[in-house]
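Examination of the molecular architecture
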Amino acid sequence: MKYFVIATRDGVLSTEDFARRLVSRWSGAEVTHVTAPDSRHALEFLVPMAHSHLDGSLNRRGSCIAFEADLPDSAAFAQWCRSTIAAHEPLTFCDEGMHGNVKLEMTTTVEELLHSFS
């Protein structure tokens, strides 16, 4: 299933900062900067997680992280994403059907995210 962490405005996520934090958090992460000018992605990444591999991307607008993995790993990744972005920036965690649509707060737990999809 595809999941998203979505900001309400562009420019919230810096490509370089996000890539640096991602590799710092997950030493086995593979990060690729997308150079094709017609691609909507600025960055693509593959992250080894506890239960699966998370395959994701950051859009060029710096407003959306899209990723695929099992739900527990996706929830953990979304919680980590929240920690990398200023608390005053509103973020939403959802799947491609906008199910489980959760406002991500700094205090949101993985358990709360999992519960929103049950």
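What counts and what doesn't
- Residues numbered from 1 in each chain as written.
- Predicted model: local features only at pLDDT ≥ 70, side-chain atom pairs only at ≥ 80, totals over all residues.
- Heavy atoms only, no water.
- Salt bridge = Lys/Arg side-chain N within 4 Å of Asp/Glu carboxyl O.
- Helix = DSSP H or I, 4+ residues; strand = E, 2+ residues; numbered from the N terminus.
- Buried < 20%, exposed > 50% of the residue type's maximum accessible area, 1.4 Å probe, protein only.
- Pairing = 2+ DSSP bridges.
- Polar contact = N/O pair within 3.5 Å; in protein donor to acceptor, adjacent residues only side chain to side chain.
- pLDDT = per-residue confidence, 0-100.
- Phe/Tyr/Trp six-rings, centres within 6.5 Å; stacked < 30°, edge-to-face > 60°.
- Arc of directions from axis to C-beta.
- Contact = heavy atoms within 4.5 Å.

**What to know about the pattern of salt bridges**
Across all of its chains, the model carries four salt bridges by this definition. The shortest N-O distance in the salt bridge between Arg20 and Asp17 comes to 2.3 Å. Note that Arg20 and Asp17 are positioned in helix α1 (residues 15-25) at a spacing of three residues, about one turn of the helix. A salt bridge links Lys103 to Glu105, with the nearest nitrogen and oxygen atoms 3.8 Å apart. A relative accessible area of 57% means that Lys103 is categorised as exposed. Look at Glu105 and you get partly exposed, because its relative accessible area is 35%.

**Comments concerning the pairing of strand β1 (residues 2-7)**
As paired strands, β1 and strand β5 (residues 64-68) are joined by five bridges and run antiparallel to one another. Along β5, the bridge assignment pairs Ile6 with Cys64. As judged from the five bridges shared by β1 and strand β6 (residues 91-95), these two strands associate in the antiparallel manner. Residue Ala7 lies in a different strand from β6, and its bridge partner there is Leu91.

**Observations concerning the side chain of Thr108**
Tracing the chain through its elements places Thr108 in the loop between β7 (102-104) and α3 (110-116). Within polar-contact distance, the side chain of Thr108 engages the backbone nitrogen of Glu105 at 2.8 Å.

**Quick look at the confidence of the model for the chain**
Of the residues in the chain, 100% reach a pLDDT of 70 or more, and the chain-wide mean stands at 94. Within the chain, β5 carries the highest mean pLDDT (98), whereas α3 carries the lowest (93).

**As for the packing of aromatic side chains**
Applying the stated rule across the entire model yields 12 aromatic pairs. Aromatic pair Tyr3 and Phe117: ring centres 5.6 Å apart, planes at 85°, arrangement edge-to-face. In this pair, Tyr3 sits in strand β1 while Phe117 sits in the segment after α3, placing the two residues 114 residues apart along the sequence. On the basis of relative accessible area, Tyr3 is assigned to the buried category, the value being 5%.

**So, α1**
Within α1, the full set of buried residues consists of Phe18, Ala19 and Leu22. Along the long axis of α1, the arc covered by the buried residues comes to 100°, so they all point the same way. The outward face of α1, more than 90 degrees from its buried face, is lined by the exposed residues Glu16, Arg20 and Ser24. Buried residues along α1 sit in contact with β2 (30-33), β3 (41-48), β4 (53-59), β5 and α2 (71-83).

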